[in-house]
Amino acid sequence: MYISEQLLNPDERRLRLSTQLGVQSVVLDNRGTELVSAENGVGAWDAVKLGEYRKWVEGFGLKLDVFALDVGSILLDSLVDLDSARRQRNTLADNIQKAADAGISCLKYNVQMVGITRTGLKPGRGGAMNSGFTYAEYSSEDDCKHSYWGVGYPGHQEEGGSASVMLCGQKMARDVPPVTEQAGWDAIEFLVEGLVQAADKAGVRLACHPHDPAYPIGGLNGIEHVVGSVDGLRRFLALSSSRNHGLNFCQGTVAEMFARPAEHMISVIEEFAATGRIFMVHFRNIRGGYLDFQEVFPDEGDVDMLEAIRAYQRGGYSGPLCPDHVPVSEIDEGRERFMAFALGYTRGLLQAAGVWSAPGR
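Just so we're clear, the structure is a prediction, and the values are computed from it rather than from any experiment. Along each chain, numbering runs from 1 in the same order as the chain's sequence is written. Restriction of local features to residues with pLDDT of at least 70 applies here, the model being predicted, together with a cutoff of 80 or more for giving and counting side-chain atom pairs; totals for whole chains, interfaces and linings are based on all residues. Side-chain metrics in this entry use all non-hydrogen atoms of the structure; hydrogen atoms and water are not considered.

Engineer: Sorry if this is basic, but what is going on with the sheet that holds strand E7 (residues 129–134) here?
Structural biologist: Hydrogen bonding along the main chain pairs the strands of a sheet, whether they run parallel or antiparallel. Strand pairing requires that DSSP identify at least two bridges connecting the strands. Secondary structure elements follow DSSP: runs of H or I of four or more residues count as helices, runs of E of two or more count as strands, with numbering from the N terminus. Here we have four strands laid out as an open sheet, ordered E6-E7-E12-E11, and antiparallel in their pairing. Both outer strands of the open sheet, strand E6 (120–123) and strand E11 (285–289), are each paired with one neighbouring strand and no more. Taking the axes of each pair of neighbouring strands and ignoring which way they run, one obtains an average angle of 30° across the sheet. To define axes, lines are fitted to C-alpha atoms, for helices over the stretch in contact only, and angles between the resulting N-to-C directions are given on a 0 to 180 degree scale.

Engineer: Would you take a moment to explain the side chain of Arg-89 for this structure?
Structural biologist: Looking at the secondary structure, you find Arg-89 in helix H4 (residues 82–101). Overall, Arg-89 belongs to the buried group, its relative accessible area being 16%. Ignoring anything within four residues of it in the chain, the contact list for Arg-89 reads Ile-74, Phe-190, Leu-191, Glu-193 and Gly-194. The buried label goes to any residue with under 20% of its type's maximum accessible area, the exposed label to any with over 50%, and the partly exposed label to all in between, with areas taken from a 1.4 Å probe on protein chains only. Contact definition: two residues touch when any of their heavy atoms are within 4.5 Å.

Engineer: What is the right way to read the pattern of salt bridges from this model?
Structural biologist: If the charged atoms of two oppositely charged side chains come close together, the side chains can form a pair. By salt bridge we mean one thing: a side-chain nitrogen of Lys or Arg within 4 Å of a carboxyl oxygen of Asp or Glu. Scanning all chains against the criterion turns up 25 salt bridges. A salt bridge links Asp-212 to Arg-284, with the nearest nitrogen and oxygen atoms 3.3 Å apart. Taken together, the residues span a long stretch of sequence, with Asp-212 in the loop between strand E8 (205–209) and helix H8 (230–238) and Arg-284 in the loop between strand E10 (278–282) and E11 at a distance of 72 residues. Classification of Arg-284 as buried rests on a relative accessible area of 3%. Sharing partners across several salt bridges, the network here consists of Arg-118, Asp-212, Glu-256, Arg-284, Glu-295 and Asp-324.

Engineer: Sorry, what's going on with helix H12 (residues 336–353) here?
Structural biologist: Side chains of residues three or four places apart in an α-helix project in the same direction, reflecting 3.6 residues per turn. Along its 18 residues, H12 runs 26 Å from first to last C-alpha, staying within 8% of the 26 Å computed at 1.5 Å per residue. Restricting attention to buried positions, one finds in H12 the residues Phe-338, Met-339, Ala-342, Leu-343, Thr-346, Leu-349, Leu-350 and Ala-353. Each buried residue of H12 sits inside an arc of 140° when the element is viewed along its axis, so together they form one side. Among the exposed residues of H12, those pointing more than 90 degrees away from its buried face are Arg-337 and Ala-352. Tucked into the core, H12 has its buried residues touching strand E1 (2–3), strand E2 (5–8), helix H11 (305–315) and strand E13 (320–322). Directly after H12, the chain includes Gly-354, whose backbone phi takes a positive value near 70°. Expected span of a helix, by definition, is 1.5 Å for each gap between consecutive residues, and there is one gap fewer than residues. By definition, the arc is the one covered by directions from the helix axis to the C-beta atoms.

Engineer: What should I look at first to understand the packing of H11 against H12 in this one?
Structural biologist: What describes two packed helices is the angle between their axes and the distance between those same axes. At a minimum axis separation of 9 Å, H11 and H12 run at an interaxial angle of 60°. Considering the angle they form, H11 stands oblique to H12. As for how H11 packs across H12, the hand of that crossing is right-handed. Contact residues: H11 offers Met-305, Leu-306, Ile-309, Arg-310 and Gln-313, while H12 offers Tyr-345, Leu-349, Leu-350, Ala-352 and Ala-353. Ten residues, namely Ala, Val, Leu, Ile, Met, Phe, Trp, Tyr, Cys and Pro, are considered nonpolar, four, namely Asp, Glu, Lys and Arg, are considered charged, and the remaining ones, Gly among them, are considered polar. In terms of residue class, the contact of H11 with H12 is built from eight nonpolar, one polar and one charged. Should an angle lie under 35 degrees it is considered roughly parallel, over 145 roughly antiparallel, and from 65 to 115 roughly perpendicular; all remaining angles are considered oblique. A crossing counts as left-handed when the near helix is turned anticlockwise from the far one by less than a right angle, and as right-handed when that turn is clockwise.

Engineer: Help me understand helix H2 (residues 47–58), please; the structure alone is not making it clear to me.
Structural biologist: Compared with an ideal rise of 1.5 Å per residue, which puts twelve residues at 16 Å, H2 spans 16 Å between its outermost C-alpha atoms and is within 8% of the ideal. Every buried residue belonging to H2 is among Leu-50, Gly-51, Tyr-53, Arg-54 and Val-57, and all of these are buried. Projected down its long axis, H2 shows its buried positions confined to an angular sector of 160°, all on one face. Exposed side chains of H2 directed beyond 90 degrees from the buried face belong to Val-48, Glu-52 and Lys-55. Contacts from the buried residues of H2 go to helix H1 (12–20), strand E3 (25–29), strand E4 (63–68) and H4.

Right, here's the structure in full:
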């Protein structure tokens, strides 16, 4: 295992900072840019541009471990406009092959239909603010204000969220038709069926992020989060026996599935690591649990992060650990220092557990 950073459209300065922090591997997201887009075709990549981009990143001494595959609105479209969804799925399948042609071996994607729901910011240590979800306090207004829409951070999106919607094609729950449990699985199975076939042909691993957060039984605003439980994760992996069909295992998101995460997470981590189908980890911590939690610094949450490292090790996981969703503060607006703290803390845990290794070793 090794530390990695998940970055959105980094410039030269940001990549140099990563190397100075000891990072040797990165997970990159370029949705909403023209850096890798084909001249014609909405959402289509250009394999040459993508290959050149990978070489530019690796020119800093970094390995591009994982790249983001933007599923956009395909999940909702598959329920209401199947022809459009099929066209989008064909584009995604083509992009998987182009990633392979560009020398990229792993792609991550998200099955959120309506963004990542949050209800507000609460005081954290030293005046930092923790993003969280408290179902008892839910309102559509707070959802609109505080939720993560695609790749954005709460409090860092334009009025109305328009910039983030353009990035990911996702919507607020109040803006879409109801999604039952069956409809949710139908949409995900439609997506997986097309993507895994393309991934097997290209030799590319697909890392899926589960639903964040777990919704209450019956859903929220008529939307079910079917991959919002451990049983949902098991069912998701069972959709295909392909070794290219796996998880972006977000430790914080999985912890949100339990009322008392500390009692369950170590065994759950070991279980999923042992499948060999965790391809990357969001190594983050929370305080609280199911339907009432805050995202906190990794050293102050309810899950024992050193024991988590040991559980990944026992399960045979050897890939990247990426800090994610640290608190926000006006003192560190870009959250570079907070992420640097999380990186250093994670590397220290790896060294304490005796499992540190560099990418590819």
